[in-house]
Amino acid sequence: MAGGFDRRWAELLPVGRDGTTGGYRRFAWTREDHTLREWFAGECGALGLDLTEDRMGNQWAWWGDPDAAPGVVIGSHLDSVPDGGAYDGPLGVVSALAAVQVLQEEGFRPSVPIGVVNFGDEEGARFGVACAGSRVITGAMTAERALGLRDAEGVSMAEALRAAGRGLDLGPDPATLARVGSFVELHVEQGKALALMDPATSAVAVGTDIWPHGRWRADFAGRADHAGTTALADRADAMLEAAAFALAAREAAARRDDHEHRCVATVGKLEVTPGGINAIPSHVTAWLDARSPREDLVQGVIADLHGLFPEALREESWTPATRFDETLTLRVRDALGETTPLLGTGAGHDAGILANAGVPTTMLFVRNPTGSSHTPEEHAEAADCHAGVDALVTVVKELAA
């Protein structure tokens, strides 16, 4: 059914899945990542697509000569956040492959090349910077910075690439980007706006924009000591400052979040040294994620935190407000029907990085009845997944006919 969607989906389900939580750990340049990349290559080969890689190892599979004319590209990513859901990323890749199969079975003859992409390290779960694969090839992040990023075990990206048998010739790749005439990324909705709409018309929406968002790192120093023998008055506990930072971030966002505006801030990761239950922390690193439809609200949160913690905070990544290409977005919506919802999102995507680099880009969102994402509860019904494949088929026919 739906171009082999169900078979491909079933094949991917076990890869990187935790048997206890049901969540996924598919991190960049690991054994699981290698398995996913090999699976993608095999599926592309079975469809007769020509597989290439860019200067960051992102995989591009082409139906037709990608240098003959700028093509229509669909796809997403296969990596996950820690204990993430099954749909975030893989739904877009599996749907893209299924759409190509449907088009081939129908005898469709594209007038421009059609590409399927698997972007690497979209989530930034291992090295801390989201969309590393697309950031490097667009020049939004330097190769030097990417290679120097380290995971929780202290392994640099350079070391991880070498261990995976990869080269280190990373960098901008304008030749690859020049092949992309338009990019349409299908993704599960990371919220429940579609679930709250008319079920007859809301299985799929067209994306309009991505909120501005960024990640910041805050470092707090203390002094290690014994948790049982050190008096409270004699302690320099780095965790107390980290806790104050997390509360201050929440309060700064709440001051800007009301019925007219949305603003969110999350401290979702801590690194504690020495990390013993019976040891007072000598150092805590906290990572902050902040987002809003308005850049000034996010920057206001950061300004508040800089005022409170002037020496602690530094920016790790920033993605400005991203409006998808209006002409492409409306053309896609018209192809799918005027009742198709238009939807913005607070989640970042490779589509946003390409859009900010000048590539005509838009997105499709598939209904998520739970509204949950980055968690095993993330979900999409099979019928809605098939509707997503059908939508991609319609869109590619419109753009490549």
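So, the nonpolar core
Phe40, Ile74, Leu91 and Leu364 are the most contacted members of the largest nonpolar core, which totals 52 residues. Here this core takes 10 residues from helix α3 (residues 90-105), the largest share from any one element. Dropping the residues within four chain positions of it, Phe40 is found in contact with Leu51, Gln59, Ala61, Leu78, Val93, Leu97, Val116, Val117 and Asn118.

So, the pattern of salt bridges
As a working rule, side chains carrying opposite charge can pair if their charged atoms are close by. Taken as a whole and judged by the stated rule, the model has 20 salt bridges. With a closest N to O distance of 2.8 Å, Glu43 and Arg8 form a salt bridge. One end of the pair, Glu43, is in helix α2 (residues 31-46); the other, Arg8, is in helix α1 (residues 5-12), with 35 residues separating them in the sequence. For Glu43, a relative accessible area of 8% gives the class buried. Given the relative accessible area of 2%, Arg8 is considered buried. A network of salt bridges, in which partner residues are shared, links Arg7, Arg8, Glu11 and Glu43.

A few points about the sheet that holds strand β7 (residues 213-221)
Spatially, β9-β11-β7-β12 is the arrangement adopted by the 4 strands of the open sheet, whose pairing is antiparallel. The strands lining the two open edges of the sheet, one partner per strand, are β9 (264-273) and β12 (313-319). If you compare each strand with its neighbour and ignore which way they point, the axes differ by 15 degrees on average. Its contacts with the sheet place helix α9 (residues 295-308) against β7, β9, β11 (283-291) and β12, and it is angled at close to 170 degrees to β12.

Quick word on the packing of α3 against helix α12 (residues 382-400)
In the contact formed by α3 and α12, the axes pass within 9 Å of each other and the chain directions differ by 60 degrees. As judged from the angle between their axes, α3 and α12 are oblique. For the pair α3 and α12, the crossing hand works out as right-handed. Where α3 abuts α12, its residues Leu91, Ser95, Ala96, Ala98, Ala99, Val102 and Leu103 lie against Cys385, Val389, Leu392, Val393, Val396 and Lys397. Residue composition of the contact of α3 with α12, grouped by class: 11 nonpolar, 1 polar and 1 charged.

Focus on helix α8 (residues 238-254)
Residues that lie three or four places apart on an α-helix share one face, since the helix turns once every 3.6 residues. Look at α8: 25 Å from first C-alpha to last across 17 residues, which is about the 24 Å you get at 1.5 Å a residue. Residues of α8 that are buried include every one of Ala238, Ala242, Phe245, Ala248, Ala249, Ala252 and Ala253, and no others. Buried residues of α8 fall within an arc of 125 degrees about the axis and therefore sit on the same side. Exposed residues pointing more than 90 degrees away from the buried face of α8 are listed as Leu240, Leu247 and Arg250. Summarising the contacts, the buried residues of α8 are in contact with β7, β9, β11, α9 and β12. Put simply, Asp237 is the residue that caps the front of α8, since its side-chain oxygen is 2.9 Å from the backbone nitrogen of Met239.

The rules behind each value
- Residues numbered from 1 in each chain as written.
- Predicted model: local features only at pLDDT ≥ 70, side-chain atom pairs only at ≥ 80, totals over all residues.
- Heavy atoms only, no water.
- Core = buried A, V, L, I, M, F, W, Y, C linked by side-chain atoms within 4.5 Å.
- Buried < 20%, exposed > 50% of the residue type's maximum accessible area, 1.4 Å probe, protein only.
- Helix = DSSP H or I, 4+ residues; strand = E, 2+ residues; numbered from the N terminus.
- Contact = heavy atoms within 4.5 Å.
- Salt bridge = Lys/Arg side-chain N within 4 Å of Asp/Glu carboxyl O.
- Pairing = 2+ DSSP bridges.
- Axes fitted to C-alpha atoms, helices over the stretch in contact; angles between N-to-C directions.
- Parallel < 35°, antiparallel > 145°, perpendicular 65-115°, else oblique.
- Left-handed = near helix turned anticlockwise from the far one by under 90°.
- Nonpolar A, V, L, I, M, F, W, Y, C, P; charged D, E, K, R; others polar.
- Expected span 1.5 Å × (residues − 1).
- Arc of directions from axis to C-beta.
- Polar contact = N/O pair within 3.5 Å; in protein donor to acceptor, adjacent residues only side chain to side chain.

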